[in-house]
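# An overview of the molecular structure
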Amino acid sequence: MVVWVTGADGFIGSALVRNLAHSGIRTLMPSLDIRDTAAIQKVVSENSFDAVIHLAGMSSVKECEINKSLAFSVNSEAVYHLGEAIAKIKPQAQLIFPSTGHVYQSYPMGTQEEIYTEKSSVLPRNFYALTKLQAEENLKFLAKNRGLKATVLRLFNHTHKSQTQDFFLPSVYGQLLSAKKRGEKKALLTVGDIDVRRDIGAIQDLALAFQTVLFENPYKSDEVKTFNISSGHAVGLRDLVNQLADKMEMEVDFKVDPQLIRENEPKSVVGINS
């Protein structure tokens, strides 16, 4: 099996490429601007592959809000052109696309846990999620009208120390590590709302989920298959911070930065992965 991985040098991509190599799967990792339609068509035409895992994109909620035009171009429009090229030139190849659990309708300020299955209502809670849902609709159109074989994976939170510090746990880890290197026994951590509960998995499990889709070939028709990729349970962010601090033999205090608190965020989120 040969798999073209876009965004192979990113957080998910680098972990996935390592997994694929261990399984004897050859990967294509051409360097290109995913918005360059001609470059996409050239790669599709000149290479032999069985599947494409499309990881190139903007993953920062904040950056997508700041530059909506670029986010739409990268996360939605480029997905359409990639899918169109695959359907036309390599119709037997499967396209695997990572969407997000943020596409589900949220009920902010609610006290009950929000539990999502693939049949839950969708109403994107931010512009990042909107671009991902638009990309999902693009793939459904291409599947129905161009014969594209596509699978959508709605990702919930996954983490690892290699993730950028724009994300919660890596930010906390970085702050703890800096304090420890300074010889401090107690760290003052700058955080947002840590009294929320989130569905958080490990990047290693996420990579295995992508690999499972490759081998199981879930598509059977012109219908796009959609799967939640999640741990199936929620954990408190405060609890995670305390566990991490304990492992690093540190004590912690918290300084809440209002800039890190997102508006209308639900208190607890779980993605059902059955």
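Residue indices follow the written sequence of each chain, beginning from 1 at its first position. This being a predicted model, a pLDDT of at least 70 is required before a residue's local features are given, and a value of 80 or more before pairs of side-chain atoms are given or counted; all residues contribute to the totals for chains, interfaces and linings. Side-chain numbers come from the whole structure's heavy atoms, not from hydrogens or water.

### Concerning the overall build of the protein chain
- Elements are defined by DSSP. Helices are runs of H or I of four residues or more, strands are runs of E of two residues or more, and each kind is numbered from the N terminus. Secondary structure assignment for the protein chain yields eight helices and 14 strands.
- Computed over its C-alpha atoms, the radius of gyration of the protein chain comes to 19 Å, within 12% of the 19 Å expected for a compact globule of 274 residues.
- Reported as C-alpha extents along the three principal axes, the dimensions of the protein chain are approximately 60 × 40 × 35 Å.
- Classification of residues uses two cut-offs on accessible area relative to the type maximum, computed with a 1.4 Å probe and protein chains only: under 20% is buried, over 50% is exposed, and between them is partly exposed. Counting across all 274 residues of the protein chain, residues that qualify as buried make up 49%.
- Contacts in the protein chain between residues at least 24 apart in sequence constitute 79% of all its contacts with a sequence separation of at least 6.
- All accessible areas in this document rest on Shrake-Rupley with a 1.4 Å probe, and a residue is counted as covered only by the protein chains that are shown. Surface accessibility of the protein chain: about 14,100 Å² in total, with carbon and sulfur atoms responsible for 50%.
- Only four residue types enter the charge count, namely Lys and Arg as positive and Asp and Glu as negative; His and the chain termini do not. To locate a charge, take NZ of a lysine, CZ of an arginine, CG of an aspartate or CD of a glutamate. One way to put it: in the protein chain the 31 positive side-chain charges average out to a point 3 Å from where the 31 negative ones average out. We compute the radius of gyration over the C-alpha atoms and compare it with the globule rule, which gives 2.2 Å times the number of residues raised to the power 0.38. Residue contacts are defined here by distance: any two heavy atoms, one from each residue, within 4.5 Å place the two residues in contact.

### Let's talk about helix 6 (residues 168-181)
- In this scheme, a helix's expected span is set at 1.5 Å multiplied by one less than its residue total. The terminal C-alpha atoms of helix 6 lie 20 Å apart, and with 14 residues this matches the ideal 20 Å at 1.5 Å per residue to within 8%.
- Taken residue by residue, helix 6 has Leu169, Pro170, Ser171, Val172, Gly174, Gln175, Leu176 and Ala179 as its buried positions.
- Buried residues along helix 6 sit in contact with strand 7 (157-159), strand 8 (186-191), helix 8 (237-247) and strand 13 (251-256).
- Remark: glycine 183 follows helix 6 within two positions and exhibits a positive phi of approximately 85°.

### Observations regarding unusual backbone geometry
- A positive phi is found at glutamate 249, a non-glycine position, where the angle reads about 55°.
- Relative to the helices and strands, glutamate 249 is located in the loop between helix 8 and strand 13.
- Judged by its relative accessible area of 66%, glutamate 249 is exposed.

### Considerations on the nonpolar core
- Ranked by size, the top nonpolar core spans 35 residues in total, and within it Trp4, Phe49, Ile86, Leu139 and Leu148 carry the most contacts.
- Contributing elements (two or more residues each) for this core: strand 1 (2-6), helix 2 (37-46), helix 3 (61-66), helix 4 (68-89), strand 4 (94-100), helix 5 (127-146) and strand 6 (149-155).
- Residue contacts for leucine 148: discarding those within four places in its chain leaves Gly83, Ile86, Ala87, Leu95, Leu139, Leu142 and Ala143.
- In terms of nonpolar packing, the next biggest core, distinct from the first, is built from 22 residues, Ala8, Ala15, Leu153 and Leu206 among them. Here, nonpolar core means buried Ala, Val, Leu, Ile, Met, Phe, Trp, Tyr and Cys residues that are tied together by side-chain atoms lying within 4.5 Å of each other.

### Let's talk about the sheet that holds strand 3 (residues 51-54)
- Strands sit in the order 2-1-3-4-6-11 across an open sheet of six strands; the sheet is parallel. Since the sheet does not close on itself, it has two edges, and those belong to strand 2 (26-28) and strand 11 (225-229), each with one partner. Going from strand to strand, the sheet's axes swing by 25° on average, the running direction of each strand aside.
- Paired strands, as defined in this entry, are two strands with at least two bridges between them according to DSSP. Two elements, strand 1 and strand 2, share three bridges in a ladder whose sense is parallel. Counted as the bridge partner of tryptophan 4 is leucine 28 from strand 2.
- Contacts from helix 7 (residues 203-216) reach strand 1, strand 3, strand 4, strand 6 and strand 11, with the element oriented near 145° to strand 4. In this description, a line fitted to the C-alpha atoms serves as the axis of each element, helices being fitted only across the stretch in contact, and the angle between N-to-C directions of two axes falls anywhere from 0 to 180 degrees.

### So, the environment of leucine 208
- Note on placement: leucine 208 falls in helix 7.
- Considered as a pair, leucine 208 and leucine 16 are 192 residues apart in the sequence and their alpha carbons are 7.7 Å apart.

### Quick look at the packing of helix 6 against helix 8
- Across the interface, helix 6 lies against helix 8 with an axial gap of 11 Å and an inter-helix angle of 35°. Of the two possible hands of crossing, helix 6 and helix 8 adopt the one that is right-handed. Where helix 6 approaches helix 8, its residues Phe168, Leu169, Val172, Tyr173 and Leu176 are matched on the opposing element by Leu237, Leu240, Val241, Leu244 and Ala245.
- Each residue gets one of three labels, nonpolar for Ala, Val, Leu, Ile, Met, Phe, Trp, Tyr, Cys and Pro, charged for Asp, Glu, Lys and Arg, and polar for the others, Gly among them. The residue inventory of the contact of helix 6 with helix 8, partitioned by class, reads 10 nonpolar, no polar and no charged. Take the far helix as the reference: if the near one is turned anticlockwise from it by less than a right angle, the crossing is left-handed, and if turned clockwise, right-handed.

### Quick word on the pattern of salt bridges
- Any Lys or Arg side-chain nitrogen found within 4 Å of a carboxyl oxygen on Asp or Glu counts as a salt bridge. Under the definition given, this model contains 11 salt bridges.
- Between aspartate 193 and lysine 267 there is a salt bridge, with its nearest N and O atoms 3.3 Å apart. Taken together, the positions of aspartate 193 in the loop between strand 8 and strand 9 (197-198) and lysine 267 in the loop between strand 13 and strand 14 (269-271) put the pair 74 residues apart, joining distant regions of the chain.
- For lysine 267, a relative accessible area of 36% translates into the label partly exposed.
- Glutamate 265 is paired through a salt bridge with arginine 198; the nearest N and O atoms lie 3.2 Å apart. Highlighted residues: glutamate 265 in the loop between strand 13 and strand 14 and arginine 198 in strand 9, separated in sequence by 67 residues.

Purely spatial values, then, with no claim about function.
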